[in-house]
Amino acid sequence: MDVPSGDEEGSQGREQTAGQLSVEGTKLVDAAGNPVQLRGISTHGLAWYPSYVNEACFRQLKEEWGANVIRLAMYTAENGGYCTDGDREELKALIKGGVEYAANNDMYVIIDWHVLSDGNPNQYLEESLAFFGEMSEAYAGYTNVLYEICNEPNGNVSWGEIKSYAEQVIEVIRGNDKEGVILVGTP
């Protein structure tokens, strides 16, 4: 697997075209306060299709498709899932590579904790806290990283349960990255 080391000159903390994103009211805005629309794609499960996380693919998405964001879908409980039978180090290496490829191509990247068959994000709360602690520590200086802490919570889960989960994970991320945009899925 061709994954950059993270030590490439100019990648860490590199200013993106739109700069650091933030939320003002109900709008996603760039560093100058201008509304931003993210356009791009999501990977399917990283464990199933790791070959799409590469420099050439990201460059094509940027140059030929006009994408400015890619979501790296880290499934938690499916076959090869991060919290079940997946190779955690290999999956984190895919995230690391994806973040670097996005930075190299002046794209935003969403690190997605993809809750699907497990339904309730609290099922793997400890794993999520550790994962986002590691990710936010590694990428706090990157202006192109967004954190999606529970995509697709579903089934028999209430907003109260999701909110409780989110408050804990957000605290961990904010301990490392004060400015990163955090996305929280709803039931």
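Just above, that's the structure.
Computed from a predicted structure; not experimentally measured.

Asker: Break down the nonpolar core for me, citing the residues and quoting the values.
Answerer: Nonpolar side chains in soluble globular proteins generally cluster together in the buried interior. Within the largest apolar cluster, 41 residues are counted, with the highest numbers of intra-cluster contacts made by I111, W113, F132 and I149. Residue assignment for this core shows that the elements contributing at least two residues are α1 (55–63), β4 (69–75), α2 (88–104), β5 (108–114), α3 (125–139), β6 (145–151) and α4 (159–176). One finds L21, V36, V69 and V181 within the second-largest nonpolar core, a separate group that totals seven residues.

Asker: Any chance you could break down the environment of A56 for me, citing the residues and the numbers?
Answerer: Considering the arrangement of structural elements, one finds A56 in helix α1. For A56, a relative accessible area of 43% puts it in the partly exposed group. Each C-alpha atom of the pair A56 and Y165 lies 36 Å from the other, and the pair is 109 residues apart in sequence.

Asker: Which residues make up the packing of aromatic side chains, and what are the values?
Answerer: In this structure the tally under the stated criterion is 10 aromatic pairs. With a centroid separation of 5.1 Å and an interplanar angle of 85 degrees, the aromatic rings of F131 and F132 are classed as edge-to-face. Here the aromatic residues Y82, W113, F131, F132 and Y147 are joined through ring pairs into a cluster of three or more.

Asker: Please set out the pairing of β5 residue by residue, giving values where relevant.
Answerer: Regular strands show a simple pattern: their side chains alternate between the two faces of the sheet. Extensive coverage of β5 is indicated by the burial of seven of its seven residues. Every second residue of β5 is oriented toward a common face, with Y108, I110, D112 and H114 on one face and V109, I111 and W113 on the other, all of them buried. One ladder, built from seven bridges, connects β4 with β5; its direction is parallel. From the neighbouring strand, Y75 faces β5, where its bridge partner is H114. The parallel pair β4 and β5, bridged by α2, forms a crossover whose chirality is right-handed. As defined by bridge partners, β5 adjoins β6 across five bridges and the pair is classed as parallel. Residue pairing across strands places I111 opposite Y147, the latter belonging to β6. Assessed by its sense of winding, the connection that carries the chain from β5 through α3 to β6 is right-handed.

Asker: How would you sum up the pattern of salt bridges? Please name residues and give values.
Answerer: Taken as a whole and judged by the stated rule, the model has six salt bridges. With a closest N to O distance of 3.5 Å, R71 and E148 form a salt bridge. Taken together, the positions of R71 in strand β4 and E148 in strand β6 put the pair 77 residues apart, joining distant regions of the chain. With a shortest N-O distance of 3.0 Å, E134 and K92 are connected by a salt bridge. Note that E134 is positioned in helix α3 and K92 in helix α2, a separation of 42 residues in sequence.

Asker: So, the sheet that holds strand β3 (residues 40–42): which residues are in play, and what are the values?
Answerer: Taken in spatial order, the five strands line up as β3-β4-β5-β6-β7 in an open sheet, and their pairing is parallel. Looking at the sheet topology across the chains shown, the edges are occupied by β3 and β7 (181–183). Going across the sheet, the axis of each strand differs from the next one's by a mean of 15 degrees, ignoring polarity. By the bridge criterion, three bridges tie β3 to β4 in an arrangement that is parallel. Looking at β4, one finds that I41 is bridged to I70. Packed on one face of the sheet, α2 meets β4, β5 and β6 and runs near 175 degrees to β4. The strands that α4 touches are β5, β6 and β7; relative to β6, the one it contacts most, it runs at about 155 degrees.

Reading the values: the criteria
- Residues numbered from 1 in each chain as written.
- Predicted model: local features only at pLDDT ≥ 70, side-chain atom pairs only at ≥ 80, totals over all residues.
- Heavy atoms only, no water.
- Core = buried A, V, L, I, M, F, W, Y, C linked by side-chain atoms within 4.5 Å.
- Buried < 20%, exposed > 50% of the residue type's maximum accessible area, 1.4 Å probe, protein only.
- Helix = DSSP H or I, 4+ residues; strand = E, 2+ residues; numbered from the N terminus.
- Phe/Tyr/Trp six-rings, centres within 6.5 Å; stacked < 30°, edge-to-face > 60°.
- Pairing = 2+ DSSP bridges.
- Right-handed = clockwise from strand over helix to strand, strands pointing away.
- Salt bridge = Lys/Arg side-chain N within 4 Å of Asp/Glu carboxyl O.
- Axes fitted to C-alpha atoms, helices over the stretch in contact; angles between N-to-C directions.
- Contact = heavy atoms within 4.5 Å.

Such coordinate-based values are descriptive only and should not be taken to indicate function.
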